[in-house]
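# Geometric and topological summary
Now for the letters of each chain:
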Amino acid sequence: MTQQRDLTDRFGRHIKYLRISVTDRCDLRCIYCMSEDMQFVPRARLLTLEEIIRLGRNFVELGVEKIRITGGEPLVRRNILSVFEALGALPGLKELTLTTNATQLPRFANALVDAGVQRVNISLDSLRPERFRRITRIGELDKVLAGIEAARAAGFRRIKLNAVILKHRNHDEVVDLARFALDNGMDISFIEEMPLGAVQEHDRAEAYYSSDAIRSDLAQAFELIESTEHSGGPSHYFRVRGHRGRIGFISPHSHNFCDSCNRVRLTATGRLLLCLGQEHSKQLRPVLRAHPLDDQPLQQAIVQAMEIKPRGHDFRLDGIPIIQRHMNVTGG
Ligand code: SAM
Ligand code: SF4
């Protein structure tokens, strides 16, 4: 017996989008994402690549139409290309995408396009080498710019930059970042920092810089035209006169987006997270391993997990973060 081909939660939201974190490890240490002394999951506890592919296939059989591979830095996981190739070949999957810091893109960009990845999100918070190093703790801007160049040359249909904006760290660069994206035919989304996991480098309330503030900074340099377009995500988009690229805002604090949430997340250890900002979850790895040749129990577990998808996140900027898990574990 096959399961229903639709994942729906208690609030009538249809789940069409799965984000898979394939590793919590990374070659950068961004100050808003990781703590200084980050402990990573022992490799033995990670899902194997075959298990990731099996999970992806089952979600697609249950009606998921879009999968984003993320992390940590997905491209540092050994042999990760096999996951893109296998998922890219699934007939029911409409879109396979990737979020990356771009350091490995010179090596992977062409192969990713060949595997069917049409859109890529690249994180870039500063165009100033020293500042980029401070925000990523160890990163080299040149490597990321080379990765962006490689992505542009490889012919992805769309490239979007993601910039997390922090007051007094990079808020004065929003116009430069937007201009860089637009001049190179890319989209850019500005993201309000989310309180996921403890960080030592800054006080998140003090570093908060709202989407509205960014938008008014940008309005000094660009003519922004509100757009009704949606990429099925939380971004609120604006067109810019004279440019192909769009500017988006992801505003978990100032403009909540939970009502239209269509997504769930899978961690690198096989924990299915029903909400970015809550702990409601279901461990899928034991189900996978208990039934290596039968997908029915796995599909049943996935359908049942939809029952515990919460209404929304409860992010607060004051005090201790209620979510102890960092973004690299969650899969941003
Ligand atoms: N390593 C890849 C990258 O940086 O693009 C993929 C994983 S990263 C966790 C995914 C996205 O989450 C990045 O765009 C990053 O800027 C964002 N991110 C990380 N921590 C965040 C936080 N606390 N608040 C908001 N966005 C965050
Ligand atoms: Fe790594 Fe991405 Fe987190 Fe930065 S945001 S530390 S690049 S996982």
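It should be noted that the structure appears before, not after, this text.
What you see is a predicted model, and the numbers here were worked out from it, not measured in a lab. (Residues numbered from 1 in each chain as written. Chains lettered and ligands numbered in written order. Predicted model: local features only at pLDDT ≥ 70, side-chain atom pairs only at ≥ 80, totals over all residues. Heavy atoms only, no water.)

### A closer look at the nonpolar core
Phe59, Ile67, Phe84, Leu112, Phe190 and Leu218 are the most contacted members of the largest nonpolar core, which totals 94 residues. Apart from residues lying up to four places away in sequence, Phe59 is in contact with Leu7, Leu18, Val64, Val264, Leu272, Leu284 and Ile302. (Core = buried A, V, L, I, M, F, W, Y, C linked by side-chain atoms within 4.5 Å. Buried < 20%, exposed > 50% of the residue type's maximum accessible area, 1.4 Å probe, protein only. Contact = heavy atoms within 4.5 Å.)

### A word on the site of ligand 1
Of all residues adjacent to ligand 1, which total 19 residues, the nearest are Tyr32, Gly72, Ser123, Met194 and Met327. In this structure, a nitrogen atom belonging to ligand 1 sits 3.0 Å away from a main-chain N or O atom of Tyr32. In this structure, a nitrogen atom belonging to ligand 1 sits 3.1 Å away from a main-chain N or O atom of Gly72. Considered on its own, ligand 1 offers 550 Å² of accessible surface; in the complex 95% of this is hidden by protein. (Near = heavy atom within 4 Å. Polar contact = N/O pair within 3.5 Å; in protein donor to acceptor, adjacent residues only side chain to side chain. Areas by Shrake-Rupley, 256 points an atom, 1.4 Å probe, with all protein chains shown as cover.)

### Some details on the packing of helix 1 (residues 49-61) against helix 2 (residues 81-88)
Helix packing for two helices is described by the angle between their axes and how far apart those axes are. As a packed pair, helix 1 and helix 2 sit with axes 10 Å apart at the nearest point and diverge in direction by 25°. Comparing the axis directions of helix 1 and helix 2 gives the class roughly parallel. Of the two elements, helix 1 crosses helix 2, and the hand of that crossing is right-handed. Taken together, the residues of helix 2 that come into contact with helix 1 (itself represented by Leu49, Ile52, Ile53, Gly56 and Arg57) are Ser82, Val83, Ala86 and Leu87. Broken down by class, the residue content of the contact of helix 1 with helix 2 amounts to 6 nonpolar, 2 polar and 1 charged. (Axes fitted to C-alpha atoms, helices over the stretch in contact; angles between N-to-C directions. Helix = DSSP H or I, 4+ residues; strand = E, 2+ residues; numbered from the N terminus. Parallel < 35°, antiparallel > 145°, perpendicular 65-115°, else oblique. Left-handed = near helix turned anticlockwise from the far one by under 90°. Nonpolar A, V, L, I, M, F, W, Y, C, P; charged D, E, K, R; others polar.)

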